[in-house]
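Topology and contacts: notes
Spelled out from the first residue to the last, the chains are:
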Amino acid sequence: QVQLVESGGGLVQAGGSLRLSCVDSGRTFSSYNMGWFRQAPGKEREFVANIGRSGGITDYADSVKGRFTISRDNAKNTVYLQMNSLKPEDTAVYYCAADRSLILVRKPWTSMDYWGKGTLVTVSS
């Protein structure tokens, strides 16, 4: 069973940085591709980034490419999202998700297999 818990959200000024973490309390973390999604008020949940099982393959939304970095530590059952050069439009609830697919693909959020409850990131201008 996969149980995901996000942390690291908060209030930051534009141009600042935050690092989000997502811990899986289960025993099969390394068997899943992991992703980060976000949902701003009044908007659909959108893809941010994902990472393959070994961490060797990553993919990013164009809106965060060059500013955000996804990584994972399978020994710690944790996936991270380092967010730099934050903008007010990055304000959202950030969710991590797990995917059982054999290959890393960008999926809609409704197709991911497991979800955390999210952590709020607020970027002030």
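Computed from a predicted structure; not experimentally measured.

Analysis parameters
Residues numbered from 1 in each chain as written. Predicted model: local features only at pLDDT ≥ 70, side-chain atom pairs only at ≥ 80, totals over all residues. Heavy atoms only, no water. Salt bridge = Lys/Arg side-chain N within 4 Å of Asp/Glu carboxyl O. Helix = DSSP H or I, 4+ residues; strand = E, 2+ residues; numbered from the N terminus. Buried < 20%, exposed > 50% of the residue type's maximum accessible area, 1.4 Å probe, protein only. Disulfide = S-S within 2.5 Å. Core = buried A, V, L, I, M, F, W, Y, C linked by side-chain atoms within 4.5 Å. Contact = heavy atoms within 4.5 Å. Patch = residues over 30% accessible without salt bridge, like charges linked within 9 Å, V, L, I, M, F, W, Y side chains within 5 Å. Areas by Shrake-Rupley, 256 points an atom, 1.4 Å probe, with all protein chains shown as cover. Phe/Tyr/Trp six-rings, centres within 6.5 Å; stacked < 30°, edge-to-face > 60°. Lys NZ or Arg CZ within 6 Å of the ring centre and 35° of its normal.

1. What to know about the pattern of salt bridges
- According to the stated counting rule, one finds seven salt bridges in the structure shown.
- Arg106 is the salt-bridge partner of Asp59, the closest N and O atoms lying 2.9 Å from each other. In this pair, Asp59 sits in strand β6 (residues 58-60) while Arg106 sits in the loop between β9 (92-99) and β10 (114-115), placing the two residues 47 residues apart along the sequence.
- With relative accessibility at 23%, the residue Asp59 sits in the partly exposed group.
- Taking the relative accessible area as the measure of exposure, Arg106 reaches 45% and is therefore partly exposed.
- Between Lys107 and Asp99 there is a salt bridge, with the nearest N and O atoms lying 2.9 Å from each other.

2. Some details on the state of the cysteines
- Considering all chains together, one arrives at one disulfide under this definition.
- Through a disulfide, Cys22 is tied to Cys96; the S-S separation comes to 1.9 Å. With a gap of 74 residues between them, Cys22 in strand β3 (residues 18-24) and Cys96 in strand β9 connect regions that are remote in the sequence.

3. Regarding the nonpolar core
- Formed by 34 residues in total, the largest nonpolar core has its most connected members in Trp36, Val79, Leu81, Met83 and Tyr94.
- Those residues within four positions of Leu81 in sequence are excluded, and the remaining contacts are Leu18, Arg19, Leu20, Trp36, Val48, Ala49, Phe68, Thr69, Ile70 and Tyr94.

4. Looking at a nonpolar patch on the surface
- Residues Leu102, Ile103 and Val105 make up a contiguous nonpolar surface patch of roughly 330 Å² in combined accessible area.
- When you line up the elements, Leu102 lands in the loop between β9 and β10.

5. A short note on the packing of aromatic side chains
- Scanning the model with the defined rule gives five aromatic pairs in all.
- Centroid distance Tyr95 to Trp115: 6.1 Å. Interplanar angle 85°. Geometry classified as edge-to-face. Here Tyr95 is found in strand β9, whereas its partner Trp115 is found in strand β10, with 20 residues between them in sequence.
- Judged by its relative accessible area of 26%, Trp115 falls in the partly exposed class.
- Consider the rings of Trp109 and Trp115, whose centres lie 5.9 Å apart with planes at 70°: the pair is edge-to-face.
- An aromatic cluster of three or more residues is present, and its members are Phe37, Phe47, Tyr95, Trp109 and Trp115.
- Arg45 extends its terminal NZ or CZ atom over the ring of Tyr95, reaching a point 3.8 Å from the ring centre.
- We note Arg45 situated over the ring of Trp109; from NZ or CZ to the ring centre the distance is 4.6 Å.

6. Details of unusual backbone geometry
- Positive phi, close to 55°, is recorded for Asn77, a residue that is not glycine.
- Assignment of secondary structure puts Asn77 in the loop between β7 (68-73) and β8 (78-83).
- One non-glycine residue, Ser85, adopts positive backbone phi at about 50°.
- Inspection of the secondary structure puts Ser85 in the loop between β8 and β9.

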